[in-house]
Amino acid sequence: AGAAAAAAAAVDGLDATVAMTVPFVVGAEGNSARSAVVRAMDEDPACGTTMVRYTDANPRVYKTVPIRLPASYRKDLNYSARTKAGVALECLPTKEGLLVGVLLVKPGDAATCAKLDDPALLRAYFDADFPMFTQYVSDADLRLMAARKMSTLPAFAYAGGGCLHRLGAEAPQQQHSQISAGEAGAAAAEEG
């Protein structure tokens with residue numbers, strides 16, 4: 001937690017450090033609009049933290065599918081492909097060597113979205129628009145992909161303002177800005 005306070009002070013160019021001892025730190029929730037921690041800080045006038053939310057000017061929905069590359073391919077790289085219609089297939093590596101294919105589509109693209117719910121149409125779509133990956137995606141995985149609902153990406157937001165942690169009543173209030181709850185949790189985890 002001391003590292004989080006020092007990081008917050010460094011953001012504003014302050015050389016002050018606030019040290020605190022806590023029995024444990026929970027920093028796994030992240031900084032999203034649905035974050036109960038950030039929302040509680042935003043709603044607490046004594047905290048002085050505000051949540052700033054941005055309108056998503058480029059929304060995407062997505063579905064995922066496993067991509068099983070042959071042994072001769074590098075498994076430590078991201079692979080990516082885009083269609084002329086603006087659909088992206090981002091293939092992200094895992095420690096196990098499997099790629100997680102994330103198919104990103106504009107939510108208003110009804111023609112593409114309709115193809116993603118039918119296994120036969122989805123296979124034809126991969127064959128036509130992502131031929132470099134189609135042989136590495138099984139029919140069984142495409143059936144599972146088609147059965148899943150579309151997911152949405154989170155909108156960008158940040159928390160900033162008065163304090164991102166509670167100081168004792170005897171401690172002076174420090175002004176910190178734009179350190180997310182996730183950053184504070186990560187700093188505390190590095191320290192611990």
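No experiment lies behind these values; they were computed from the predicted model shown.

What counts and how
- Residues numbered from 1 in each chain as written.
- Predicted model: local features only at pLDDT ≥ 70, side-chain atom pairs only at ≥ 80, totals over all residues.
- Heavy atoms only, no water.
- Helix = DSSP H or I, 4+ residues; strand = E, 2+ residues; numbered from the N terminus.
- Salt bridge = Lys/Arg side-chain N within 4 Å of Asp/Glu carboxyl O.
- Buried < 20%, exposed > 50% of the residue type's maximum accessible area, 1.4 Å probe, protein only.
- Phe/Tyr/Trp six-rings, centres within 6.5 Å; stacked < 30°, edge-to-face > 60°.
- Pairing = 2+ DSSP bridges.
- Axes fitted to C-alpha atoms, helices over the stretch in contact; angles between N-to-C directions.
- Left-handed = near helix turned anticlockwise from the far one by under 90°.
- Contact = heavy atoms within 4.5 Å.
- Nonpolar A, V, L, I, M, F, W, Y, C, P; charged D, E, K, R; others polar.

S.K.: What should I look at first to understand the overall build of the protein chain in this one?
M.R.: For the protein chain, the count of helices and strands is seven helices and seven strands. The N-to-C order of helical and strand elements in the protein chain reads α-α-β-β-β-β-β-α-α-α-α-β-β-α.

S.K.: I tried to follow the pattern of salt bridges on my own but got confused; where do I start?
M.R.: Should their charged atoms come close, side chains of opposite charge can pair. Taken as a whole and judged by the stated rule, the model has six salt bridges. In this structure, Asp 117 and Lys 63 form a salt bridge, with 2.9 Å as the shortest nitrogen-oxygen distance. Here Asp 117, found in the loop between helix 3 (110–115) and helix 4 (119–129), pairs with Lys 63, found in strand 2 (residues 61–67); they are 54 residues apart in sequence, far enough to count as distant. Here Asp 117 falls in the partly exposed class, since its relative accessible area comes to 49%.

S.K.: How do you make sense of the environment of Glu 96 when you look at a structure like this?
M.R.: With respect to the helices and strands, the residue Glu 96 is situated in the loop between strand 4 (88–93) and strand 5 (99–105). Sequence-wise, Glu 96 and Lys 75 are 21 residues apart; in three dimensions their C-alpha atoms are separated by 8.7 Å.

S.K.: Help me understand the packing of aromatic side chains, please; the structure alone is not making it clear to me.
M.R.: Aromatic ring pairs are described here by two measures, namely the spacing of the ring centres and the angle between the planes. Inspection of the entire model under this criterion finds three aromatic pairs. Taking the centre distance of 5.6 Å and the plane angle of 65° together, the rings of Tyr 73 and Tyr 136 count as edge-to-face. Residue Tyr 73 is located in the loop between strand 2 and strand 3 (79–82), and its partner Tyr 136 is located in the loop between helix 5 (131–134) and helix 6 (139–147); the two are separated by 63 residues in the primary sequence. When its relative accessible area of 34% is taken as the criterion, Tyr 73 is described as partly exposed. With 5.6 Å between their ring centres and 50° between their planes, Phe 126 and Phe 130 make a pair best called tilted. Per residue, the accessibility class of Phe 126 equals that of Phe 130, and both read buried.

S.K.: Where do I start with the pairing of strand 2 in this structure?
M.R.: Residues in a regular strand point their side chains to alternate faces of the sheet. Along strand 2, five of the seven residues are buried, which leaves the element largely enclosed by surrounding structure. Looking at chain direction, strand 2 and strand 5 are connected through seven bridges and run antiparallel. Looking at strand 5, one finds that Val 61 is bridged to Val 105. With two bridges connecting them, strand 2 and strand 6 (residues 151–152) associate as antiparallel partners.

S.K.: I'm lost on the packing of helix 4 against helix 6 in this one. Help?
M.R.: Each pair of packed helices can be described by the angle between their axes along with the distance between the axes. In the contact formed by helix 4 and helix 6, the axes pass within 9 Å of each other and the chain directions differ by 115°. Every pair of crossing elements has a handedness; the one defined by helix 4 and helix 6 is right-handed. On helix 6, the residues that touch Pro 119, Leu 122, Arg 123 and Phe 126 of helix 4 are Asp 139, Leu 142, Arg 143, Met 145 and Ala 146. Counted by class, the contact of helix 4 with helix 6 contains six nonpolar, no polar and three charged residues.

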